[in-house]
Amino acid sequence: VQATTPTFGVDAVRLLVEHGCVVMDRDDHGRTPLHWAASLGLLEECEVLVELGKEFVAKEKARMTRVDAVGLADNPFDAEDDIPNLWDFQDKQGNLAAHLAARYGYADVLRLLMALDAKSIGEKNKTGLTVAHMASLKVGNEACMRTLEDVCGEGVLDELKNRQGLSAKDLARKRGGAGGKATISAKTLIVAPPECLQHYTAPYPHERDDEPPPPENVNRLRV
């Protein structure tokens with residue numbers, strides 16, 4: 001749908017919120033709509049969700065101030081209490097929306113989220129990875145790594161460490177990067193001795209154009 005109607009996602013979000021959906025709500029994975037939009041690289045949807053999240057926080061603070069003014073005892077918050085912003089929510093794995101944008105290589109979404117809170121680059125998820133480390137996990141993710149340096153400062157990819165004491169650049173090098181630069185490259189090597197060709201998982205070898213589609217068989221290895 002989005003490929004043919006670019007505004008569908010934005011219109012759908014606004015319509016759902018207009019009819020009572022709350023942008024701060026989470027699913028069973030602890031993810032907000034912003035988590036999902038960031039993981040899919042939906043920049044316009046992320047922008048409108050951030051806007052709606054700010055509106056929600058402002059209205060909630062105003063409501064709490066009014067409640068405090070009349071002295072209702074059942075108010076669960078004080079007016080001075082911090083209400084988390086939408087981009088501050090962590091899912092059950094401890095990921096911010098920025099972690100997901102970085103992991104899946106969406107530099108424009110990552111720039112939006114880092115501009116809201118550059119310090120969140122150092123926030124660790126439950127596996128001890130920062131936003132910067134998540135960016136280094138994806139092969140060819142130079143755009144996200146450059147974005148992090150642009151927004152959060154040159155050298156940030158060297159300074160932040162994971163639980164093993166590795167920086168984001170260290171992790172990138174371990175995954176095939178070279179020269180200490182914010183670049184990642186990798187090649188795949190398949191090692192298969194001749195005995196593998198004797199492993200038959202079907203009564204006879206199938207061809208790729210056979211019907212129905214072939215099960216796993218020795219021709220897979222040849223391909």
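Residues numbered from 1 in each chain as written. Predicted model: local features only at pLDDT ≥ 70, side-chain atom pairs only at ≥ 80, totals over all residues. Heavy atoms only, no water.

Student: I keep staring at the overall build of the protein chain and nothing clicks. Help me out?
Tutor: When you go through the protein chain residue by residue, the secondary structure sums to 10 helices and zero strands. Scored against the burial criterion, the 223 residues of the protein chain give a buried share of 38%. Considering only intrachain contacts with a sequence separation of at least 6, the fraction spanning at least 24 residues in the protein chain is 61%. (Helix = DSSP H or I, 4+ residues; strand = E, 2+ residues; numbered from the N terminus. Buried < 20%, exposed > 50% of the residue type's maximum accessible area, 1.4 Å probe, protein only. Contact = heavy atoms within 4.5 Å.)

Student: Where do I start with the nonpolar core in this structure?
Tutor: A general tendency of soluble globular proteins is for nonpolar side chains to be buried together. Counting residues in hydrophobic clusters, the biggest one holds 44 residues, and the most contacted among them are L34, L110, L113, V131 and L148. By residue number, the principal contributor to this core is helix α3 (residues 43–70), which donates seven residues. When residues no more than four places from it in sequence are discounted, the contact partners of L110 are A98, A101, A102, V131, C144, T147 and L148. (Core = buried A, V, L, I, M, F, W, Y, C linked by side-chain atoms within 4.5 Å.)

Student: Is there a simple way to think about the pattern of salt bridges in this case?
Tutor: Two side chains with opposite charge may pair up if their charged atoms get near one another. Going through the model one piece at a time under the given rule, you end up with seven salt bridges. Residue R111 pairs with D150 through a salt bridge whose shortest N-O separation is 3.4 Å. Separated by 39 residues along the polypeptide, R111 in helix α5 (residues 107–116) and D150 in helix α7 (residues 142–152) bring together distant segments of the chain. Its relative accessible area of 37% is what places R111 among the partly exposed residues. Overall, D150 belongs to the exposed group, its relative accessible area being 56%. A salt bridge links K169 to E149, with the nearest nitrogen and oxygen atoms 3.9 Å apart. Placement of the pair is K169 in helix α9 (residues 168–174) and E149 in helix α7, with a sequence separation of 20 residues. For the pair K169 and E149, a shared accessibility class is recorded, and that class is buried. (Salt bridge = Lys/Arg side-chain N within 4 Å of Asp/Glu carboxyl O.)

Student: I tried to follow empty space enclosed by the protein on my own but got confused; where do I start?
Tutor: Sizing a probe to match a water molecule and rolling it over the atoms shows the empty space that remains. Taken as a whole and assessed by the stated rule, the structure comprises one cavity of 30 Å³ or more. Here the largest cavity defines a volume of roughly 30 Å³. In terms of lining residues, the largest cavity is bounded by W87, L96, A98, L113 and S120. Broken down by class, the residue content of the lining of the largest cavity amounts to four nonpolar, one polar and no charged. (1 Å grid on protein atoms, 1.4 Å probe; cavity = no way out; pocket = protein on both sides within 12 Å on 5 of 7 lines; lining within 4 Å. Points joined across faces, edges and corners; volume = space filled by probe spheres on them. Nonpolar A, V, L, I, M, F, W, Y, C, P; charged D, E, K, R; others polar.)

Student: Explanation requested: a nonpolar patch on the surface in the structure shown.
Tutor: A contiguous nonpolar surface patch, about 270 Å² in accessible area, is contributed by I190, L197 and L221. Among the structural elements, I190 can be located in the loop between α9 and α10 (218–222). A residue is classified by how much of its surface remains accessible, and I190, at 67% relative accessible area, is exposed. (Patch = residues over 30% accessible without salt bridge, like charges linked within 9 Å, V, L, I, M, F, W, Y side chains within 5 Å. Areas by Shrake-Rupley, 256 points an atom, 1.4 Å probe, with all protein chains shown as cover.)

Student: So what exactly am I meant to see when it comes to α7 here?
Tutor: Because an α-helix completes one turn every 3.6 residues, residues spaced three or four positions apart along the sequence face the same direction. When we look at burial in α7, the residues that qualify are E142, C144, M145, T147, L148 and E149. At its buried positions, α7 is contacted by α4 (97–103), α5, α6 (131–137), α8 (156–159) and α9. At the exit of α7 stands G153, carrying a positive phi of roughly 110 degrees.

Student: For this particular structure, what's the right way to read helix α1 (residues 8–18)?
Tutor: Buried within α1 are the following residues: G9, V10 and V13. For α1, the angular spread of buried residues about the axis comes to 100 degrees, placing them on one side. Count one or two residues on from α1 and you reach G20, which has phi positive near 110 degrees. (Arc of directions from axis to C-beta.)

Student: Can you help me understand the layout of surface pockets in this one?
Tutor: Its boundaries defined by the atoms lining it, the largest pocket holds a volume of some 160 Å³. Taken together, V17, C21, V22, V23, L52, E55, F56, K59 and E60 make up the full set of residues lining the largest pocket. Considering each element in turn, the lining of the largest pocket owes the most residues, five residues, to α3. Partitioned by chemical class, the residues of the lining of the largest pocket number six nonpolar, no polar and three charged.

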